[in-house]
Amino acid sequence: MTENRDLTVRSHVGRDLLQSAAVFRSDRKVVWEYVANSLQYTDARHPPAVAVHLNERTKTILITDNGRGMDLADLQHFFTMHAENRERLSGRIGRGLFGTGKSAAFGIADILQVTSVKDGLRSAVRLRRSEIENMIDGRPVPVEVREVEEPTDEHNGTKIQISGIHLKKIDRAGIIAYIERHLARYPRDVEVFVDHHECRFKTPEEAESYEFRTTDICRIVLGDVRLIIKVAKGPLEEDLRGVQVFSYGNWHATTLAGCEGSKMSEYIFGEIDVPNLEDYGGPIRPFDNTRSGELNPNNPVVEALFAFVGPAVETVRRQLLDREGRRAQEEEARKLAKEAARIAEILTADFAEIAAKIRKARAIATGKQDGEAGNEDGIWSQGGDIPAMPAELPPGERERKDSLDDPRPFAKPVVPEDNGQTTGQRGTGSGTKRSKRGGFNVEYKNAGEAEYRALFVPDHRTILINLDHPQIAAAYRSGGIENPAFTRLTWEVASSEYALALSQEVAEPYTSPEEALFEVRETMDRVSRRLASLYRPDVFSKEG
């Protein structure tokens, strides 16, 4: 018997394709994958334009572009798993690297149909998930060819139709938000529409920027690269915080390099482009083929990147902290803080009342005692981000807290912090479920003229009133904090933002727009009645 010692590595094409598709688990990631392809493979004669149509009734998504189009040979390359990217072969470094994105549709759906026009010829192909699953022997998966370079007067471009979607609901708002976030990395002349909505990235208003250059060992590993760190005028949404990491213009991650969650980090954003990330040829890859937005910290280039970015971000953050500390000591800032505290007290009392009703309703529904449903009790200590009450209050203050149904916990031990405030945090005793406690905070901030009148920061349950908004700025210039027009306006602004924020904090998901509108209207009416107490004449005295 002759022994055959020739061994080869083989791959099961069908399983390979479905495994690649499995990383695209949401409609937003799937849609963006094909939109991004459309924005890369463009026709030089036209500015890139992509239209996304979502059909909830038929569970289909249609993505149409005005790109260069594909003929039958191009379509064959499109359906070749892990094929080397032609843009890269020609010297144009695009985002395509692993050649797995074409399978994205099968992460959420059953059918992918591609119709493309190139130079007056139209081709159409279709691939079904069932046909992929039926290829049990690892042979190539057949693609149904529906049209072969038929003459047409249509312009160049490609249509991607995804049908048989298994999701319970197509998340239109989530898709729009995801696209707009990613458009930050593309030129301004691109156009992307989702149904009738034009997706536009709103660049954060910048207060200042800093530039850092690599030195020493970081320069050897990363090369001569430039890091730009910017400070926004107002707090950024979580997706916008941090330094965007590019390689040859391709986005790979956004990071604060260890400063995540630190105070004032919510104002920091920026960018860095490190070609060595994609040029790295060693065994430990800096990123994988899932476009997860995460870098591998075990990779030497990524390790050097974090060692460079982390201290730079911390330097800027420390400067912001120092500046914020000085600003807080200014007299006008203290006046604004006092005014904000008065509004916060009203909102916190309302929040405590609503939270108590919800706890009681849940207790009735679950058959538990009132105090058991929310699992609110626990061991509290000083520190953290949650407003707390001193364990030992002056005479009358504990009764006042009880009469307001103040939800702030008592914290032991208590030593006032540098800013005069007291905060608490839940202990780690067994059986205690961690939950967000305390009331609403209100702060006045210079967030930029282009920002909204008020912003809600869920991380700290804080409503920020934007002093730079034209309406509020005009009222402030006419008399400052002592101007009744300014205080009354900001009370109304805070109560309106609170009505919207409250739905995120204590309400179950709404089943209809009418339900959400009813709850917001009820909250605004209820809070406006509480705020009536602030319209007394003595409220506007300089002492009050």
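Reading guide: rules and limits
- Residues numbered from 1 in each chain as written.
- Predicted model: local features only at pLDDT ≥ 70, side-chain atom pairs only at ≥ 80, totals over all residues.
- Heavy atoms only, no water.
- pLDDT = per-residue confidence, 0-100.
- Contact = heavy atoms within 4.5 Å.
- Salt bridge = Lys/Arg side-chain N within 4 Å of Asp/Glu carboxyl O.
- Buried < 20%, exposed > 50% of the residue type's maximum accessible area, 1.4 Å probe, protein only.
- Pairing = 2+ DSSP bridges.
- Helix = DSSP H or I, 4+ residues; strand = E, 2+ residues; numbered from the N terminus.
- Axes fitted to C-alpha atoms, helices over the stretch in contact; angles between N-to-C directions.
- Expected span 1.5 Å × (residues − 1).
- Core = buried A, V, L, I, M, F, W, Y, C linked by side-chain atoms within 4.5 Å.
- Phe/Tyr/Trp six-rings, centres within 6.5 Å; stacked < 30°, edge-to-face > 60°.
- Lys NZ or Arg CZ within 6 Å of the ring centre and 35° of its normal.

A. Quick look at the confidence of the model for the protein chain. In this model, the protein chain carries a mean pLDDT of 79, and residues with pLDDT of at least 70 account for 75%. Between residues 426–436, whose pLDDT stays under 50, and residues either more than four places distant or in other chains, the model counts 23 contacts. This stretch, residues 540–544, has a pLDDT under 50; its non-local contacts, to residues over four places away or in other chains, come to 11 contacts.

B. Structural context of the pattern of salt bridges. Per the counting criterion, the structure on display carries 29 salt bridges. Here Arg-146 makes a salt bridge to Glu-144, at a shortest N to O gap of 3.1 Å. Using a relative accessible area of 41% as the deciding quantity, one classes Arg-146 as partly exposed. For Glu-144, a relative accessible area of 30% translates into the label partly exposed. Three or more residues joined by partner-sharing salt bridges are found here, namely Glu-211, Arg-213, Arg-219, Asp-224 and Arg-226.

C. Spatial organisation of the sheet that holds strand β8 (residues 197–198). Overall, mixed pairing links the 8 strands, which are arranged β5-β4-β3-β6-β2-β1-β7-β8 in an open sheet. One side of each edge strand has no neighbouring strand; the edge strands of this open sheet are β5 (144–151) and β8. With 5 bridges joining them, strand β4 (residues 121–128) and β5 adopt antiparallel strand pairing. Residue pairing in the sheet places Arg-122 in a bridge with Glu-150 of β5. Of the strands in this sheet, β1 (49–55), β7 (191–194) and β8 touch helix α6 (residues 172–182), which is tilted by about 170° from β7.

D. Representation of helix α2 (residues 27–40) in the model. The end-to-end C-alpha distance of α2, which contains 14 residues, comes to 20 Å, matching closely the 20 Å that a straight helix rising 1.5 Å per residue would cover. Taken across its 14 residues, α2 has 13 buried, putting it largely inside the fold.

E. Region of the structure containing the sheet that holds strand β19 (residues 454–457). Within the open sheet, the 3 strands sit side by side as β18-β20-β19. Their pairing is mixed. Each edge of the open sheet carries a strand with a single partner, namely β18 (441–445) and β19. Across the sheet, the axes of successive neighbouring strands diverge by a mean angle of 25°, strand direction being ignored. Bridge count between β18 and strand β20 (residues 462–466): 5 bridges; the pairing is parallel. Bridging from a neighbouring strand, Tyr-444 pairs with Ile-465 of β20.

F. Here's a closer look at the nonpolar core. Membership of the largest hydrophobic core comes to 50 residues, with the highest contact counts inside it found for Tyr-34 and Ile-162. Here this core gets 7 residues from one element, more than from any other, and that element is α2. In terms of nonpolar packing, the next biggest core, distinct from the first, is built from 36 residues, Val-231, Val-243, Leu-295 and Leu-320 among them.

G. Local environment of unusual backbone geometry. At Asp-216, a residue that is not glycine, the phi angle is positive and equals roughly 55°. Non-glycine residue Tyr-248 carries a positive phi angle of around 55°. Within the secondary structure, Tyr-248 sits in the loop between β11 (242–247) and β12 (250–255).

H. Fine view of the packing of aromatic side chains. Tallied over the full model, the rule gives 5 aromatic pairs. Put simply, the rings of Phe-351, Phe-440, Phe-456 and Tyr-498 pair up and form one aromatic cluster. When the ring centre of Phe-287 is taken as reference, the NZ or CZ atom of Arg-285 above it lies at 5.9 Å.

I. Molecular detail of the side chain of Asn-483. Structurally, the position occupied by Asn-483 is in the loop between α12 (470–477) and α13 (484–506). What makes Asn-483 buried here is its relative accessible area of 13%. Those residues within four positions of Asn-483 in sequence are excluded, and the remaining contacts are Ala-475 and Ser-478.

J. Examining α6 more closely. Restricting attention to buried positions, one finds in α6 the residues Gly-174, Ile-175, Ile-176, Ile-179, Glu-180, Arg-181 and His-182. Next to the buried residues of α6 lie α2, β1, β7, β8 and β12.

K. Seen up close, the environment of Pro-286. Along the chain, Pro-286 turns up in the loop between α8 (276–279) and α9 (300–328). Judged by its relative accessible area of 0%, Pro-286 falls in the buried class. Along the sequence, Pro-286 and His-252 sit 34 residues apart, while their C-alpha atoms lie 9.6 Å from each other. For Pro-286, the residues in contact, after removing those within four places along its chain, are Leu-277, Tyr-280, Glu-294, Leu-295, Asn-296, Asn-299 and Val-302.

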